[in-house]
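Structural overview
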Amino acid sequence: MGRGLAVVAELELDAPVLAAEGRHGGLEVVSGIAQQRPHGIQPRTLAQVVSGVAYLGQQGQQSGTTIALQLLIFEGVLDKYPQLKVCAAHGGGYLPSYAPRSDHSCTVSPPNCNPNIKLKKKPTEYLNQMYFDSLVFTSEALRHLIAESGVGQIMIGTDYPFPWTSTEVDLVLNTPGLSDADKIAILGGTATKLLGIK
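Presented here is an overview of the structure given in this document.

Observations concerning the overall build of the protein chain
Helix and strand counts for the protein chain come out as six helices and eight strands. Taken from the N to the C terminus, the helices and strands of the protein chain come in the order β-β-β-β-β-α-α-β-α-β-α-β-α-α. Counting the 198 residues in the protein chain, one finds 42% classified as buried. Partitioning the contacts of the protein chain with sequence separation of at least 6, the portion at a separation of at least 24 is 60%. Carbon and sulfur atoms form 54% of the exposed surface of the protein chain, whose accessible area is close to 11,000 Å².

A word on helix 4 (residues 139–149)
Within helix 4, burial applies to L142, L145, I146 and S149. One side of helix 4 carries all its buried residues, which in axial view fall inside an arc of 100 degrees. At its buried positions, helix 4 is contacted by helix 3 (95–108), strand 7 (130–133), strand 8 (154–155), helix 5 (168–174) and helix 6 (180–195). G150, located one to two residues past helix 4, shows a positive phi value of around 100 degrees.

A short note on the packing of helix 1 (residues 62–74) against helix 3
Direction vectors running N to C along helix 1 and helix 3 enclose 35 degrees, while the axes themselves pass 12 Å from each other. For the pair helix 1 and helix 3, the crossing hand works out as right-handed. Counted together, T66, L69, Q70, I73 and F74 of helix 1 and L95, S102, S105 and C106 of helix 3 form the full contact between these two elements. Residues belonging to the contact of helix 1 with helix 3 are distributed by class as follows: five nonpolar, four polar and no charged.

Overview of the pattern of salt bridges
Summed over all chains, the structure comprises one salt bridge. Note that E140 and R143 form a salt bridge whose closest N and O atoms lie 2.7 Å from each other. Taken together, the residues span about one helical turn, with E140 and R143 both in helix 4 at a distance of three residues. Exposure remark for E140: the relative accessible area of 48% places this residue in the partly exposed category.

Here we look at the state of the cysteines
Taken as a whole, this structure holds one disulfide when the rule is applied. Sulfur-sulfur distance for the disulfide between C106 and C113 comes to 2.1 Å. Measuring the twist about the S-S bond at about -95 degrees, one finds the C106-C113 disulfide to be left-handed. Overall, C113 belongs to the buried group, its relative accessible area being 16%.

Observations concerning the pairing of strand 6 (residues 85–88)
Note that strand 6 and strand 7 share three bridges and pair parallel. Bridged to V86 within strand 7 is M130. Each parallel crossover has a hand, and the one from strand 6 via helix 3 to strand 7 is right-handed.

Description of the packing of helix 3 against helix 4
One way to put it is that helix 3 packs onto helix 4 with a least axis distance of 9 Å and a crossing angle of 40 degrees. The pairing of helix 3 with helix 4 is recorded here as oblique in orientation. Residues P96, S97, A99 and P100 of helix 3 touch helix 4, and the partners they reach there are H144, L145 and E148. Here the contact of helix 3 with helix 4 is composed, by residue class, of four nonpolar, two polar and one charged.

Parameters at a glance
Residues numbered from 1 in each chain as written. Predicted model: local features only at pLDDT ≥ 70, side-chain atom pairs only at ≥ 80, totals over all residues. Heavy atoms only, no water. Helix = DSSP H or I, 4+ residues; strand = E, 2+ residues; numbered from the N terminus. Buried < 20%, exposed > 50% of the residue type's maximum accessible area, 1.4 Å probe, protein only. Contact = heavy atoms within 4.5 Å. Areas by Shrake-Rupley, 256 points an atom, 1.4 Å probe, with all protein chains shown as cover. Arc of directions from axis to C-beta. Axes fitted to C-alpha atoms, helices over the stretch in contact; angles between N-to-C directions. Left-handed = near helix turned anticlockwise from the far one by under 90°. Nonpolar A, V, L, I, M, F, W, Y, C, P; charged D, E, K, R; others polar. Salt bridge = Lys/Arg side-chain N within 4 Å of Asp/Glu carboxyl O. Disulfide = S-S within 2.5 Å. Pairing = 2+ DSSP bridges. Right-handed = clockwise from strand over helix to strand, strands pointing away. Parallel < 35°, antiparallel > 145°, perpendicular 65-115°, else oblique.

So, in structure tokens, the structure goes:
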């Protein structure tokens with residue numbers, strides 16, 4: 001699978017994470033610091049896993065994905081590790097829907113932002129360096145996700161093995177305004193490039 005796939009539960013800037021070889025040949029980042037480690041899981045730092053693709057699909061579903069993405073942005077992780085490729089489940093959670101609000105967060109409420117972290121760009125601009133699955137259920141939701149992040153950042157989502165939908169391909173094929181090239185990219189082209197699949 002090329003660079004591999006990492007499943008990320010929690011990330012803190014420069015904090016150790018627990019990592020194990022994944023089922024798909026990549027690295028699975030299981031969680032932040034833990035008191036007890038399951039067999040085969042070794043402590044690593046975020047810096048040791050940035051050469052791969054981090055897949056954010058927390059069990060908290062949309063809210064967990066949203067919080068994880070916001071932390072990656074506001075804690076400066078994406079500035080410090082620009083080569084980190086982040087793919088978020090659940091269409092990025094709620095972040096793409098409220099992304100413009102993020103641009104005003106630190107201006108309106110400075111106590112809620114770390115004064116030691118100065119982002120290199122507006123929070124909304126980080127969306128186009130993340131990848132999102134297309135499992136958003138409606139054409140309008142998919143259209144909006146594409147408008148916020150760019151069509152080249154969207155990949156087909158199924159949430160397999162959970163039976164959320166059986167029409168994920170139809171959603172892409174029937175969303176108005178998508179060109180054939182857009183559909184090909186979402187249905188496999190972008191994932192092929194991102195994961196280095198030949």
